[in-house]
Amino acid sequence: DAKTTQPPSMDCAEGRAANLPCNHSTISGNEYVYWYRQIHSQGPQYIIHGLKNNETNEMASLIITEDRKSSTLILPHATLRDTAVYYCLNTGTASKLTFGTGTRLQVTL
Amino acid sequence: NAGVMQNPRHLVRRRGQEARLRCSPMKGHSHVYWYRQLPEEGLKFMVYLQKENIIDESGMPKERFSAEFPKEGPSILRIQQVVRGDSAAYFCASSPPSLQGGEQFFGPGTRLTVL
């Protein structure tokens, strides 16, 4: 079973920042927080990951709380092409990704 | 650098037939993972393989399903005597050798329909 909880759906206006929350209160010390997304029925796409520090790449920013029990994925300027299901996962070195039901982000004009 | 390749993209089988799904990992990747996604559900892990070795098959059904990743050639997910409940999208992912296993690159999937 997934060890993370996410809201089932969110809306965001195009051009605005999309902030997607995730709770992972049972995360263990050696587990990373990973974010993936799945656009329509394509294969999931890796977005970003972090351990305890905030991270930023060309796609998004990841903010992890100090106690590591929750995180937020930020898409700074959402576009229609960012409409997708976003998955937050915890994993250590075991390599098995456990996907929950994710958050369905709808970006609108 | 080509991404993860899967074929066929769509596969139709009648009940009782065999389905063979192929996955070619990205160049330089020696780790392969298979996931299954039933309609309107999230992805479920099935099996994790390295060359010639099954590392974790905890998500594989006990019967009819098998997977291999030979020294040469693609990884194969084989489903014998398919049933309607096997209809799903099957995704393969690959990753390079790493202490951190979470960054996986997914293929486009094979959509299996069992009639």
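Residues numbered from 1 in each chain as written. Chains lettered and ligands numbered in written order. Predicted model: local features only at pLDDT ≥ 70, side-chain atom pairs only at ≥ 80, totals over all residues. Heavy atoms only, no water.

A. Inspection of the overall build of chain B at higher detail. Tallying secondary structure elements over chain B gives zero helices and eleven strands in all. The N-to-C order of helical and strand elements in chain B reads β-β-β-β-β-β-β-β-β-β-β. Taken over the C-alpha trace, chain B has a radius of gyration of 13 Å; the compact-globule value for 115 residues is 13 Å, and the two agree within 12%. With respect to the principal axes defined by its C-alpha atoms, chain B has extents near 40 × 25 × 25 Å. (Helix = DSSP H or I, 4+ residues; strand = E, 2+ residues; numbered from the N terminus. Rg over C-alpha atoms; globule rule 2.2 N^0.38 Å.)

B. Seen up close, the sheet that holds strand S5 (residues 55-56) of chain A. All names here are of chain A. Pairing in this open sheet of four strands is antiparallel, and the strands run S2-S7-S6-S5 from one edge to the other. Since the sheet does not close on itself, it has two edges, and those belong to strand S2 (18-23) and S5, each with one partner. In this sheet, strand S6 (residues 61-64) lies alongside S5 in antiparallel orientation, the contact comprising two bridges. Looking at S6, one finds that Thr56 is bridged to Ser61. (Pairing = 2+ DSSP bridges.)

C. Spotlight on the pairing of strand S7 (residues 65-68) of chain B. All names here are of chain B. Here S7 shows a clear split, with Phe65 and Ala67 buried on one side and none of Ser66 and Glu68 buried on the other. Bridge count for S7 against strand S8 (residues 75-79) is four bridges, and the pairing is antiparallel. Bridged to Ala67 within S8 is Leu77. Linkage of S7 to S8, two consecutive antiparallel strands, is achieved through a turn of six residues, within which Gly73 is found at a positive phi near 100°. (Buried < 20%, exposed > 50% of the residue type's maximum accessible area, 1.4 Å probe, protein only.)

D. Structural detail: the pattern of salt bridges. For the coordinates displayed, the defined rule picks out five salt bridges over all chains. A salt bridge links Arg37 of chain A to Asp82 of chain A; the shortest N-O distance between them is 2.8 Å. Of this pair, Arg37 of chain A sits in strand S3 (residues 32-38) while Asp82 of chain A is found in the loop between strand S7 (70-75) and strand S8 (84-91), placing the two residues 45 residues apart along the sequence. In this structure, Arg64 of chain B engages Asp86 of chain B in a salt bridge whose closest nitrogen and oxygen atoms are separated by 2.7 Å. Pair noted here: Arg64 of chain B is in the loop between strand S6 (53-56) and S7 and Asp86 of chain B is in the loop between S8 and strand S9 (88-95), with a separation of 22 residues, a long-range link. A relative accessible area of 2% places Asp86 of chain B in the buried class. (Salt bridge = Lys/Arg side-chain N within 4 Å of Asp/Glu carboxyl O.)

E. Geometry of the side chain of Thr4 of chain A. Residues and elements named next belong to chain A. The residue Thr4 is located in the segment before strand S1 (9-13) in this model. Looking at Thr4, its side chain comes within polar contact range of the main-chain oxygen of Cys88, at 2.9 Å. If we skip the residues at most four places from it in the chain, Thr4 touches Cys22, Asn23, His24, Cys88, Leu89 and Asn90. (Polar contact = N/O pair within 3.5 Å; in protein donor to acceptor, adjacent residues only side chain to side chain. Contact = heavy atoms within 4.5 Å.)

F. Quick peek at the packing of aromatic side chains. Evaluated as defined, the whole model comprises eleven aromatic pairs over all chains. Look at Tyr36 of chain A and Phe106 of chain B: their rings are 5.9 Å apart centre to centre, the planes differ by 85°, and that puts the pair in the edge-to-face class. Of this pair, Tyr36 of chain A sits in strand S3 while Phe106 of chain B sits in strand S10 (residues 105-106), on two different chains. Accessibility classification places Tyr36 of chain A together with Phe106 of chain B in one group, the buried group. Clustering of aromatic rings is evident, with ring pairs tying together Tyr32, Tyr34, Tyr36, Tyr46, Tyr87 and Phe99 of chain A together with Tyr35, Phe45 and Phe106 of chain B. (Phe/Tyr/Trp six-rings, centres within 6.5 Å; stacked < 30°, edge-to-face > 60°.)

G. Structural context of the interface of chain A and chain B. Across the boundary between the two partners, chain A contributes 20 residues, which contact 21 residues of chain B. Between chain A and chain B the total buried area reaches about 1600 Å² when both faces are included, carbon and sulfur atoms providing 50% of it. If you sort the residues of chain A by the area they bury against chain B, Ser95, Lys96 and Phe99 of chain A come out on top, with a joint share of 31%. Linking chain A with chain B are five residue pairs in polar contact (both at pLDDT 80 or more), by the criterion used here. Of all the secondary structure elements, the ones that give two or more residues to the side of chain A that touches chain B are S3, strand S4 (45-50) and S8 of chain A. (Buried area = accessible area lost by both parts, 1.4 Å probe.)

The values reported here are purely geometric and, on their own, carry no functional implication.
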